[in-house]
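Chains, contacts and geometry: an overview
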Amino acid sequence: MNEIICPKCKTAFKVDEAGFADILKQVRDESFNKDLQDRLKLAEKDKEAAIKLTEANVRNKFQDDLAKKDKEILELKAKSEQELSKQLAEKVKELAEMKAKIDKVEVENKLAVNLAVQKVEKERDHLANDLKTKEIEKQSLESSLKHQFSSELQQKDAIIKYKEEEIAHFRDMKLKLSTKMIGETLELHCEYEFNKLRATAFQSAYFEKDNDSKTGSKGDYIYRETDDAGNEIISIMFEMKNEGDETATKKRNEDFFKELDKDRVEKKCEYAVLVTLLESDSELYNTGIIDVSYKYPKMYVVRPQFFIPIITLLRNAARNSMQYKAELALVRNQNIDITNFEDKMNKFKEDFGRNYELASKKFKDAIEGIDKTIIQLQKTKDALMSSENNLRLANDKTEGLTIKKLTHGNPTMKAKFDEIKEEGE
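This is a predicted model, so every value here is computed, not measured.

Some thoughts on the confidence of the model for the protein
- Residue-level pLDDT values for the protein average 76, and 71% of them are 70 or greater.
- Averaged pLDDT values over the elements of the protein bottom out at 58 in helix 8 (residues 403-406) and peak at 96 in strand 8 (residues 299-302).
- Long-range and interchain partners of residues 177-183, a stretch whose pLDDT sits below 50, account for 18 contacts in this model, where long-range means more than four residues apart.

Focus on helix 5 (residues 257-266)
- For helix 5, the full list of buried residues reads Phe257, Leu260, Asp261, Asp263 and Arg264. All buried residues of helix 5 project into a common sector of 160° when viewed along the axis, lining one side.
- Its buried side turned inward, helix 5 meets strand 5 (232-241), strand 6 (271-276) and strand 8.

Considering the nonpolar core
- In this structure, Tyr223, Phe238 and Phe307 are the most contacted members of the largest nonpolar core, which totals 27 residues.
- Among the elements of the structure, helix 4 (186-201), strand 3 (205-209), strand 4 (221-226), strand 5, strand 6, strand 8 and helix 6 (307-333) are those that each provide at least two residues to this core.
- Here the element with the most residues in this core is helix 6; it accounts for six residues.
- Not counting the four nearest positions on each side in its chain, Phe307 is found in contact with Cys190, Glu193, Phe194, Phe207, Phe238, Met240 and Val275.

Things to note about unusual backbone geometry
- Its identity as a non-glycine residue notwithstanding, Lys268 has a phi of 55°, on the positive side.
- A residue is classified by how much of its surface remains accessible, and Lys268, at 66% relative accessible area, is exposed.

Details of the pairing of strand 4
- With five bridges joining them, strand 3 and strand 4 adopt antiparallel strand pairing. Along strand 4, the bridge assignment pairs Glu208 with Ile222.
- Sheet topology places strand 4 next to strand 5; six bridges connect them, and they run antiparallel. Within the sheet, the bridge partner assigned to Tyr223 lies in strand 5 and is Ile236.

With respect to the sheet that holds strand 3
- Across the sheet, which stays open at both edges, the six strands sit in the order 3-4-5-6-8-7 with mixed pairing between neighbours. Across the chains shown, the open sheet's two edge strands, defined by having one partner strand only, are strand 3 and strand 7 (290-291).
- Sheet analysis places strand 7 next to strand 8, joined by two bridges and oriented antiparallel. Residue pairing in the sheet places Ile290 in a bridge with Val301 of strand 8.
- Across the sheet, helix 4 is in contact with strand 3, strand 4, strand 5 and strand 6; its angle to strand 3 comes to roughly 160°.
- The sheet contacts of helix 5 involve strand 5, strand 6 and strand 8, and relative to strand 6 the element is tilted by about 140°.

Observations concerning the pairing of strand 6
- With six of its six residues buried, strand 6 lies for the most part within the structure.
- By the alternation rule, side chains of strand 6 split into Tyr271, Val273 and Val275 and Ala272, Leu274 and Thr276, which are all buried.
- Note: strand 5 against strand 6, six bridges, orientation parallel. The residue of strand 6 that forms the bridge with Phe238 is Val273.
- Examined bridge by bridge, strand 6 and strand 8 share four bridges and lie parallel to one another. Its bridge partner lying in strand 8, Val275 is registered against Val302.

Notes on the side chain of Ser235
- Tracing the sequence through the fold places Ser235 in strand 5.
- Ignoring anything within four residues of it in the chain, the contact list for Ser235 reads Tyr223, Arg224, Lys268, Cys269, Glu270 and Tyr271.

Remarks on the pattern of salt bridges
- Considering all chains together, one arrives at 11 salt bridges under this definition.
- Between Glu254 and Lys295 there is a salt bridge; the shortest N-O distance is 3.7 Å. Separated by 41 residues along the polypeptide, Glu254 in the loop between strand 5 and helix 5 and Lys295 in the loop between strand 7 and strand 8 bring together distant segments of the chain.
- On the basis of relative accessibility, which here comes to 34%, the residue Glu254 falls in the partly exposed class.

Rules used in this analysis
Residues numbered from 1 in each chain as written. Predicted model: local features only at pLDDT ≥ 70, side-chain atom pairs only at ≥ 80, totals over all residues. Heavy atoms only, no water. pLDDT = per-residue confidence, 0-100. Helix = DSSP H or I, 4+ residues; strand = E, 2+ residues; numbered from the N terminus. Contact = heavy atoms within 4.5 Å. Buried < 20%, exposed > 50% of the residue type's maximum accessible area, 1.4 Å probe, protein only. Arc of directions from axis to C-beta. Core = buried A, V, L, I, M, F, W, Y, C linked by side-chain atoms within 4.5 Å. Pairing = 2+ DSSP bridges. Axes fitted to C-alpha atoms, helices over the stretch in contact; angles between N-to-C directions. Salt bridge = Lys/Arg side-chain N within 4 Å of Asp/Glu carboxyl O.

Dropping the structure here:
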């Protein structure tokens, strides 16, 4: 050790060679170079003196310590040579036992690790196989469901198309039987319907527009029919009222009864018939042939689809009446009891009334049946549309089936799949 005295504070301190060299290195820095150059020689002399002094002190101390140590060694060597040999033997024995235990534990650990690894690998392989199986099953299920959904959707579309066609058909049928006439006026419609049957059913009948307005008013059409002798069988004054004709005023059917009855009387017609599209929502007028003779004699109100049937009914009744009238004249001429004639007349009235009620009921039943059919077909269509939505939802759920969802809430399965994923990477 070297003793160094600080040139400023005159404090002495000891440093070894390395410390001293480090100090020399520091004092050589640029910031101290100028101040230390002057003192370098003096410090060197002090260093040499300090080194010599230190060496002398250390040498003396070392020699004293060495002598003491040699003495102690000789004493300890004599006392503990046997004890050290005994302790060394025990330590060797303990080391051998510890090494044997360590070797045993290592073997056991290796065996346990191998077993654990084999078990995990087996589980991993099993899960991998299960995963592949599930993936194949999922793909098969997706393919099967897609095929099934595609087939069912095609069938559904075909059924919906068929049902829509049926609905359109029945609506068209109802339209033809209901109070709507499209694309032609009511007068032209009735004239067209009559002319279709004129050559076969109405060969001797007169059916023309009423163009006689001498009395101040006129109807639309007059129907007259005579027998071979020129006797009038039946005559009908027709008035046609289209729904569009009175849209602004929104008149009712009975608003035309009085004028129609007047035209019937002035044109010397036996019956008056109002063919009307007014009050299209009226349940009364939509049921069939309506007898309004309680207001005006021999007056009927019909929808366009009953235009030909009312002529036929009234004409058949008139033909029978003509026969009964002829028989009555004969009976009266021969002063024969007319009781049988009255019975026949009553029977005819009953038969006519019954046939009229049956015809009206049949028409009403037909309309109700068509309405029910349309409602049922609409329900079927709605059910099929709902079925399509459920199939779409099921397909979405199938496509959304993933391993993540399958292992959700199962930490063991999730850990195994994560481990397989890491090994694959």
